[in-house]
Amino acid sequence: PHSSRRMAALVLPAVRNVEAEVEEKEAIAAPLPAVVKPPAQGHRKGWIPRSQADFGDGGAFPEIHVAQFPLDMGRKDKKSSQVLALTTDASGKARHDMIASVGQRQGT
């Protein structure tokens, strides 16, 4: 004469408070590193972006007159890609003259 709830309590594991566990894990988690942001516009005098972190997720700073390479775009010490865009003539056929000249161009 056990009730179905008692029987379930005997068979199933005890219920845990999931929300309390999540809050404990969040409290124990290490603090995030401080995000370094560039100075606000108008307050950048004397500041020069030197690392990729200085650019954040944006581009270069046009008011700062030094060479800047956000995302390393345009940097000379990186190997350039040999990927070409497919070009077609007026009738839609692929032009192979650009492919033939790869490696013939100066600087590659």
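Residues numbered from 1 in each chain as written. Predicted model: local features only at pLDDT ≥ 70, side-chain atom pairs only at ≥ 80, totals over all residues. Heavy atoms only, no water.

Visitor: I would appreciate a short explanation of the overall build of the protein chain in the present structure.
Guide: Along its length, the protein chain carries four helices and zero strands. Starting at the N terminus and ending at the C terminus, the protein chain contains elements arranged as α-α-α-α. A fraction of 2% describes how many contacts in the protein chain between residues 6 or more apart in sequence connect residues 24 or more apart. Taken as a whole, the protein chain presents about 10,100 Å² of accessible surface, with 58% of it coming from carbon and sulfur. (Helix = DSSP H or I, 4+ residues; strand = E, 2+ residues; numbered from the N terminus. Contact = heavy atoms within 4.5 Å. Areas by Shrake-Rupley, 256 points an atom, 1.4 Å probe, with all protein chains shown as cover.)

Visitor: Please clarify how the pattern of salt bridges should be interpreted in this entry.
Guide: Any two side chains of opposite charge can pair, given that their charged atoms come close. The tally for this structure, following the rule as stated, stands at one salt bridge. When the shortest N-O distance is used, the salt bridge between E63 and R44 registers 2.4 Å. Residue E63 is found in the loop between α3 (52–55) and α4 (97–100), and its partner R44 is found in the loop between α2 (18–28) and α3; the two are separated by 19 residues along the sequence. Its relative accessible area of 15% is what places R44 among the buried residues. (Salt bridge = Lys/Arg side-chain N within 4 Å of Asp/Glu carboxyl O. Buried < 20%, exposed > 50% of the residue type's maximum accessible area, 1.4 Å probe, protein only.)

Visitor: Honestly, the packing of aromatic side chains in this entry has me stumped. Any pointers?
Guide: The geometry of an aromatic ring pair is captured by two quantities: the separation of the ring centres and the angle between the planes. Counting across every chain of the model gives two aromatic pairs. Look at W47 and F61: their rings are 5.3 Å apart centre to centre, the planes differ by 85°, and that puts the pair in the edge-to-face class. Of this pair, W47 sits in the loop between α2 and α3 while F61 is found in the loop between α3 and α4, placing the two residues 14 residues apart along the sequence. Ring centres of F55 and F61 lie 6.1 Å apart, and the angle between their planes is 20°; this geometry places the pair in the stacked category. Exposure remark for F61: the relative accessible area of 9% places this residue in the buried category. In this structure an aromatic cluster arises from ring pairing among W47, F55 and F61. (Phe/Tyr/Trp six-rings, centres within 6.5 Å; stacked < 30°, edge-to-face > 60°.)

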